[in-house]
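# Residue-level structure breakdown
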Amino acid sequence: MWCYIYRSTKKENCYLYMEQENDFSHIPEKIMKIFGTPAFVMKVLLDGKRRFVVGTAQEIEEKIKADGFFLQMLKEDDFKV
């Protein structure tokens with residue numbers, strides 16, 4: 001599955017992963033108010049080859065299929081090795 005990743009313009013280290021480009025209809029209004037205007041980051045193939053800070057490609061894909069999106073909110077601890 002290909003997914004489109006958008007960065008929050010209001011919350012640092014907050015990202016939305018979606019199956020459809022620029023289709024925010026599945027995102028609850030409450031989340032969009034907190035998220036702000038989405039800024040496109042990249043298109044990624046969820047094929048298991050790329051590592052993610054939070055979750056696996058399979059977990060992200062399952063969440064997108066179930067909810068229409070995956071919301072990633074990173075904490076400072078997520079950047080420690």
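For every chain, the first residue of the written sequence is number 1, and numbering continues from 1 onward in sequence order. In keeping with the predicted nature of the model, local features appear solely for residues at pLDDT of at least 70, side-chain atom pairs appear and are counted solely at 80 or more, and the whole-chain, interface and lining totals rest on all residues. Water and hydrogen atoms play no part in the side-chain values, which are based on all heavy atoms of the structure.

We define a salt bridge as a side-chain nitrogen of Lys or Arg found within 4 Å of a carboxyl oxygen belonging to Asp or Glu. Tallied over the entire structure, the rule returns three salt bridges. Close ionic contact of Glu61 with Lys65 constitutes a salt bridge, the shortest N to O distance being 3.7 Å. Placement of the pair is Glu61 and Lys65 together in helix H2 (residues 57-67), with a separation of four residues, close to one helical turn. Salt-bridge contacts for Lys63 lead to Asp67; the nearest nitrogen and oxygen are separated by 2.7 Å. Of this pair, Lys63 and Asp67 are both found in helix H2, four residues apart, which corresponds to roughly one turn of the helix. Residue classification places Asp67 among the partly exposed positions, given a relative accessible area of 34%. Starting at the N terminus, helices and strands are each numbered in turn, a helix being any DSSP run of H or I of at least four residues and a strand any DSSP run of E of at least two. With a 1.4 Å probe rolled over the protein chains alone, any residue whose accessible area is under 20% of its type maximum counts as buried; one over 50% counts as exposed, and the rest are partly exposed.

Right, let's get into the layout of surface pockets. By volume, the largest pocket amounts to about 170 Å³. In this analysis a 1.4 Å probe is tested at points of a 1 Å grid over the protein atoms alone, and where it fits but cannot get out there is a cavity; an open set with protein on both sides within 12 Å along at least five of seven lines is a pocket; lining residues have an atom within 4 Å of a point. Taken together, Ile5, Tyr15, Tyr17, Val41, Met42, Val44, Arg50, Arg51, Phe52, Val53 and Gln72 make up the lining of the largest pocket. Looking at the lining of the largest pocket, the elements with two or more residues in it are strand S2 (14-18) and strand S3 (39-45). Element by element, the count of residues in the lining of the largest pocket is highest for S3, at three residues. Just so you know the grouping, Ala, Val, Leu, Ile, Met, Phe, Trp, Tyr, Cys and Pro go in nonpolar, Asp, Glu, Lys and Arg go in charged, and all remaining residues, Gly too, go in polar. Grouping the constituent residues of the lining of the largest pocket by class yields eight nonpolar, one polar and two charged. Grid points are joined across faces, edges and corners, and a volume is the space filled by probe spheres set on the points.

Only a pair of cysteine sulfur atoms within 2.5 Å qualifies as a disulfide here. Following the criterion strictly, the structure yields zero disulfides and no others. Here Cys3 is not cross-linked by a disulfide; its sulfur's nearest cysteine counterpart is in Cys14, at 15 Å. For Cys3, a relative accessible area of 0% corresponds to the buried category. By relative accessible area, Cys14 is classed as buried at 4%.

Right, let's talk about unusual backbone geometry for a bit. Here Asn13, not a glycine, exhibits a phi torsion of approximately 60 degrees, which is positive. Positionally, Asn13 belongs in the loop between strand S1 (2-7) and S2. Since its relative accessible area comes to 18%, Asn13 is described here as buried. In this structure, Asn22 is a non-glycine residue whose phi angle is positive, near 60 degrees.

By themselves, these observations are geometric and do not establish any function.
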